[in-house]
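# Architecture and fold: a report
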Amino acid sequence: MRAHAAESLPLFRVMGGLAAIELFSWWPIKAYRPCPSASNAGKRYQRSGQTLDEIVFKKNPAGGYYGDDEN
């Protein structure tokens, strides 16, 4: 699946992962990747949102793990 530069340049990202497949468009987890056209044009892509470590391993970016303070 290819994105056209005009569709991806405003956000500099392209949908990836399962949600990029029409059959799984309902999937609640969305993954994006840098747009190749924007990269070639010299645009910078800045990631945002949660990392895989935060979701899977409950790792807190500030240090430690989520839920460690609960007894």
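Residues numbered from 1 in each chain as written. Predicted model: local features only at pLDDT ≥ 70, side-chain atom pairs only at ≥ 80, totals over all residues. Heavy atoms only, no water.

### As for the overall build of the chain
When its secondary structure is counted, the chain shows three helices and two strands. Reading the chain from its N end, one meets helices and strands in the order α-β-β-α-α. In the chain, which comprises 71 residues, the share counted as buried stands at 11%. Once local pairs closer than 6 in sequence are excluded, the contacts in the chain between residues at least 24 apart make up 18%. Within the structure as shown, the chain displays about 6200 Å² of accessible surface, and the carbon and sulfur contribution to it stands at 55%. (Helix = DSSP H or I, 4+ residues; strand = E, 2+ residues; numbered from the N terminus. Buried < 20%, exposed > 50% of the residue type's maximum accessible area, 1.4 Å probe, protein only. Contact = heavy atoms within 4.5 Å. Areas by Shrake-Rupley, 256 points an atom, 1.4 Å probe, with all protein chains shown as cover.)

### Some details on the side chain of E54
Assignment of secondary structure puts E54 in helix α3 (residues 52–56). Buried charge E54 goes without a salt bridge, the closest partner of opposite sign being K59 at 10 Å. In this structure the side chain of E54 is engaged in a polar contact, spanning 3.0 Å, whose partner is the backbone nitrogen of T51. Excluding its chain neighbours within four sequence positions, the residues that come into contact with E54 are G49, K59, P61 and Y66. (Lys, Arg positive; Asp, Glu negative; His and termini not counted. Salt bridge = Lys/Arg side-chain N within 4 Å of Asp/Glu carboxyl O. Polar contact = N/O pair within 3.5 Å; in protein donor to acceptor, adjacent residues only side chain to side chain.)

### With respect to the packing of aromatic side chains
Inspection of every chain in the model, using the stated rule, returns one aromatic pair. A centroid spacing of 6.4 Å and a plane angle of 45° characterise the contact between F24 and W26, whose relative ring orientation is tilted. For W26, a relative accessible area of 57% puts it in the exposed group. (Phe/Tyr/Trp six-rings, centres within 6.5 Å; stacked < 30°, edge-to-face > 60°.)

### Quick word on unusual backbone geometry
Of note in this structure, K58 is not a glycine but carries a positive phi near 55°. A relative accessible area of 51% means that K58 is categorised as exposed.

### Examining the confidence of the model for the chain
When the pLDDT values of the chain are averaged, the result is 75; 82% of them are 70 or greater. Considering each helix and strand of the chain separately, the mean pLDDT is smallest for helix α1 (residues 5–8), with a value of 45, and largest for helix α2 (residues 36–40), with 83. Long-range and interchain partners of residues 1–9, a stretch whose pLDDT sits below 50, account for eight contacts in this model, where long-range means more than four residues apart. (pLDDT = per-residue confidence, 0-100.)

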